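Inside the fold
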Amino acid sequence: MKYFIKTEKIRFQHIDFAGIVFYPRFLEMLNSLVEDWFEEALDRPFHKMHETNGIPTVDLKVQFKKAARLGDVIIKELWVKELRSSSLLCGFLFKNQQGETILEGEVTLVNVKIGDDRKTITSEAFNEAMREKIGHYLIS
């Protein structure tokens, strides 16, 4: 199994009054991880993809396990659990530098085609080249 891995430093912008990461910021970090994966590993940067397509989240499950604090560096991991025709189920794990799980979960993403009018959105199967790239991150 191959993981897509990024690190992120917890900054002041991420925390609440208690000094811990405000939970919606974790979802923004997850979205950044997905966006980086598409650009860096799948060669499908959002700024190009979103001219005609998209990859919206349609289901998200998150379990918060441990607080992250200002100055912490977290390790974010993403992998593919299931590759379907036009969607994929990814697992993700955020942990601290001591290896303790901060949060974990699953996200389902759907490959969509955006109509010329920018109003019509329909699911679209991944092409073979994309399926092959995504397959490198698939759990065997």
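One structure accompanies this document, and this report is about it.

How each quantity is defined
Residues numbered from 1 in each chain as written. Predicted model: local features only at pLDDT ≥ 70, side-chain atom pairs only at ≥ 80, totals over all residues. Heavy atoms only, no water. Helix = DSSP H or I, 4+ residues; strand = E, 2+ residues; numbered from the N terminus. Contact = heavy atoms within 4.5 Å. Pairing = 2+ DSSP bridges. Axes fitted to C-alpha atoms, helices over the stretch in contact; angles between N-to-C directions. Salt bridge = Lys/Arg side-chain N within 4 Å of Asp/Glu carboxyl O. Buried < 20%, exposed > 50% of the residue type's maximum accessible area, 1.4 Å probe, protein only.

In this section: the environment of Phe126. Note that Phe126 resides in the loop between β8 (121–123) and α3 (128–135). A sequence separation of 14 residues divides Phe126 from Val112, and the C-alpha atoms of the two residues are 9.2 Å apart. Excluding its chain neighbours within four sequence positions, the residues that come into contact with Phe126 are Arg44, Ile55, Leu83, Arg84, Ser85, Ser86, Ser87, Leu88, Asn111, Arg131 and Ile134.

It is worth spelling out the sheet that holds strand β5 (residues 87–96) at this point. Strand pairing in a sheet is mediated by backbone hydrogen bonds. Such pairs are either parallel or antiparallel. Read across the sheet, five strands follow the order β1-β4-β5-β6-β3 without closing on themselves; strand pairing throughout is antiparallel. The sheet terminates laterally at β1 (4–9) and β3 (57–64), the two strands that pair on one side only. Averaged over all neighbouring strand pairs, the angle between strand axes comes to 20°, with direction disregarded. Note that β3 and strand β6 (residues 101–110) share seven bridges and pair antiparallel. Across the sheet, residue Thr57 finds its bridge partner in β6, namely Leu109.

Moving on, we get to the pattern of salt bridges. Within the structure shown, the criterion is met by nine salt bridges. Across the pair Asp59 and Lys61 runs a salt bridge whose closest N-O atoms are separated by 2.5 Å. Here Arg84 ties to Glu82 by a salt bridge, and the two come within 2.9 Å at their closest N and O atoms. For Arg84, a relative accessible area of 31% translates into the label partly exposed. Accessibility expressed as a relative area gives 35% for Glu82, which makes it partly exposed. Overlapping salt bridges bring together Lys6, Asp36 and Glu40 as one network.

In short, the description is geometric, and any link to function would need to be established separately.
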